[in-house]
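Each chain, written out:
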Amino acid sequence: MNEACKNASIQCTVSQCRYNLVTEDYCGLDCIHVGTHEADPTVPECVDCNSFVKRTDG
Ligand code: SF4
């Protein structure tokens with residue numbers, strides 16, 4: 001996986017994620033896994049990017 005290359009198909013503003021480009025609000029992964037923590041999701045807040053990994057470099 002190339003974390004430094006912007007994936008123009010995946011916009012993301014989660015700057016706390018190690019895969020986020022931060023300066024461009026894009027994800028650097030080739031693909032992501034999206035899921036839900038709800039039994040019956042109804043609003044965007046119900047779904048999650050399960051590819052998220054907390055940034056550890058500050
Ligand atoms: S892995 Fe998910 S949370 Fe992280 S930058 Fe990509 S889309 Fe955003």
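Keep in mind it's a predicted model, so treat the numbers as computed, not measured.

Draft legend 1. Geometry of the layout of surface pockets. In this structure, the largest pocket occupies an estimated 170 Å³ of space. For the largest pocket, the lining is made up of 14 residues, of which Cys12, Val14, Cys27, Ile32 and Cys49 are closest to its centre. Class assignment for the residues of the lining of the largest pocket results in 11 nonpolar, 3 polar and no charged.

Draft legend 2. View of a nonpolar patch on the surface. Taken together, the side chains of Ile32, Val34 and Val47 define a hydrophobic patch exposed on the protein surface, amounting to about 220 Å² of accessible area. With respect to the helices, strands and loops of the structure, Ile32 is situated in the segment before strand S1 (34-36).

Draft legend 3. Broad picture of the site of the ligand. Taken together, Ile10, Cys12, Cys17, Tyr19, Asn20, Cys27, Leu29, Ile32, Cys49 and Ser51 make up the full set of residues adjacent to the ligand. Of the residues assigned to the shell around the ligand, the class counts are 8 nonpolar, 2 polar and no charged.

Draft legend 4. Focus on the side chain of Asn7. By secondary structure assignment, the location of Asn7 is in the segment before S1. Within the local environment of Asn7, its side chain forms a polar contact with the backbone oxygen of Leu29, the two atoms lying 2.9 Å apart.

Draft legend 5. Molecular detail of the packing of aromatic side chains. One pass over the full model with this rule turns up 0 aromatic pairs. Note that Lys6 overlies the ring of Tyr26, its terminal NZ or CZ placed 4.3 Å from the centroid.

Draft legend 6. View of unusual backbone geometry. Despite not being glycine, Val22 has its phi angle at roughly 65°, a positive value. Looking at where Val22 falls in the secondary structure, it is placed in the segment before S1. Its identity is not glycine, yet Asp25 carries a phi of approximately 60°, on the positive side. When you line up the elements, Asp25 lands in the segment before S1. Asp25 sits in the partly exposed class, given a relative accessible area of 35%.

Draft legend 7. Geometry of the pattern of salt bridges. Counting across every chain of the model gives 1 salt bridge. Notably, a salt bridge pairs Lys6 with Glu24, separated by 3.0 Å at the nearest N-O pair. In this pair, Lys6 sits in the segment before S1 while Glu24 sits in the segment before S1, placing the two residues 18 residues apart along the sequence.

Rules of the game
Residues numbered from 1 in each chain as written. Predicted model: local features only at pLDDT ≥ 70, side-chain atom pairs only at ≥ 80, totals over all residues. Heavy atoms only, no water. 1 Å grid on protein atoms, 1.4 Å probe; cavity = no way out; pocket = protein on both sides within 12 Å on 5 of 7 lines; lining within 4 Å. Points joined across faces, edges and corners; volume = space filled by probe spheres on them. Nonpolar A, V, L, I, M, F, W, Y, C, P; charged D, E, K, R; others polar. Patch = residues over 30% accessible without salt bridge, like charges linked within 9 Å, V, L, I, M, F, W, Y side chains within 5 Å. Areas by Shrake-Rupley, 256 points an atom, 1.4 Å probe, with all protein chains shown as cover. Salt bridge = Lys/Arg side-chain N within 4 Å of Asp/Glu carboxyl O. Helix = DSSP H or I, 4+ residues; strand = E, 2+ residues; numbered from the N terminus. Near = heavy atom within 4 Å. Polar contact = N/O pair within 3.5 Å; in protein donor to acceptor, adjacent residues only side chain to side chain. Phe/Tyr/Trp six-rings, centres within 6.5 Å; stacked < 30°, edge-to-face > 60°. Lys NZ or Arg CZ within 6 Å of the ring centre and 35° of its normal. Buried < 20%, exposed > 50% of the residue type's maximum accessible area, 1.4 Å probe, protein only.

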